[in-house]
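So the chains spell out like this:
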Amino acid sequence: MVEQGSVLTSAIQEEYKLIPYRERRPRWGVTFALGYSSYEPINYEPDFVPVNFSEVYKTPDMPLLELLVTVKKNMTMGSLGVEVGVGGYNNTSDNKEISDSTLNLIPIRVGASFYIDALAPEPVFVPYIAGGIYTIMFKEELNGGSSNNGNTQISTYFHGGIALSLDWIDRDGARLAFQESGIEGTFAYFELQKYMASGEPADGDFSNDISYAGGVKIEF
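Residues numbered from 1 in each chain as written. Predicted model: local features only at pLDDT ≥ 70, side-chain atom pairs only at ≥ 80, totals over all residues. Heavy atoms only, no water.

Caption draft 1: Local environment of the pairing of strand E6 (residues 101-115). Across 12 bridges, the pairing between strand E5 (residues 79-92) and E6 is antiparallel. From the neighbouring strand, Val86 faces E6, where its bridge partner is Ile108. Sheet topology places E6 next to strand E7 (residues 125-142); 15 bridges connect them, and they run antiparallel. Bridge pairing in E7 links Val110 to Ile133. (Pairing = 2+ DSSP bridges. Helix = DSSP H or I, 4+ residues; strand = E, 2+ residues; numbered from the N terminus.)

Caption draft 2: Structural view of the pairing of strand E8 (residues 147-151). With five bridges connecting them, E7 and E8 associate as antiparallel partners. Of the residues in E8, the one forming a bridge with Glu140 is Asn148. Where E7 hands over to E8, the hairpin turn is made up of four residues, of which Gly144 adopts a positive phi near 75°.

Caption draft 3: The confidence of the model for the protein, seen in detail. Mean pLDDT over the protein stands at 88; residues scoring 70 or higher make up 93%. Every residue in residues 8-14 scores below 50 in pLDDT, and together they form seven contacts with partners more than four places removed in sequence or on other chains. (pLDDT = per-residue confidence, 0-100. Contact = heavy atoms within 4.5 Å.)

Caption draft 4: Layout of the side chain of Ser37. Relative to the elements of secondary structure, Ser37 occurs in strand E3 (residues 28-37). Engagement of the side chain of Ser37 in a polar contact is seen with the backbone nitrogen of Tyr39, the distance being 3.1 Å. Reaching out from Ser37, the side chain makes a polar contact with the side chain of Gln193 at a distance of 2.7 Å. With residues near it in sequence (within four places) discarded, Ser37 still touches Pro63, Leu64, Gln193, Ser211, Tyr212 and Ala213. (Polar contact = N/O pair within 3.5 Å; in protein donor to acceptor, adjacent residues only side chain to side chain.)

Caption draft 5: Spatial organisation of the pattern of salt bridges. If you walk through the whole model with that rule in mind, you get nine salt bridges. A salt bridge links Arg25 to Asp117; the nearest nitrogen and oxygen atoms lie 3.0 Å apart. You can see Arg25 sitting in the loop between helix H1 (21-24) and E3 and its partner Asp117 sitting in the loop between E6 and E7, a full 92 residues away along the chain. Looking at Arg25, the relative accessible area reads 8%, which means it is buried. When the shortest N-O distance is used, the salt bridge between Lys96 and Asp100 registers 3.4 Å. The exposure class of Lys96 is partly exposed, given its relative accessible area of 45%. Among the charged side chains, a network of salt bridges with common partners joins Arg25, Lys72, Asp117 and Glu219. (Salt bridge = Lys/Arg side-chain N within 4 Å of Asp/Glu carboxyl O. Buried < 20%, exposed > 50% of the residue type's maximum accessible area, 1.4 Å probe, protein only.)

Here it is in structure tokens:
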């Protein structure tokens, strides 16, 4: 339930507006994010042919899409969070003469994040960094043939970027969203991502060059 004290009223100007984000947010919050990533496991060697990843797989059928949930503790200068994310990636071979195969990945990650979201009463730009551990459930399958599947040993990842507040676009809409649904803020985010290789060579190398990602975050 939203407290009415979080909404300022002015009888003279007949205006209703939220008190600043830094003042109204509670001690604890939850953020849900849905995003796209340009991630490609370019260091992975296909299981069925002795060639490079880029010789078999080019444009993915479904790029990496990810759902991320963050529980955050709000503090004076920013917020610390614990994040859990799961995604999906699918790529079918473009060169059928080399290999008629499909690669499916489900990355799962758990980590910590730090958001610098309290430097201003109403943050417009919010820098952040995140890092933690991840594993990938993988399955590579020949069309009508054998398959190789499993999950990688735990390895590390690092992300960093900036979130852009969208509330200023429609302040009345942001106020109603807060009053009716408890939404503290809505952000678009842009970040760089790095996934490190597993320590077990038999897993396959699903590390990447630095990739970019973007999406929408909703904070409650």
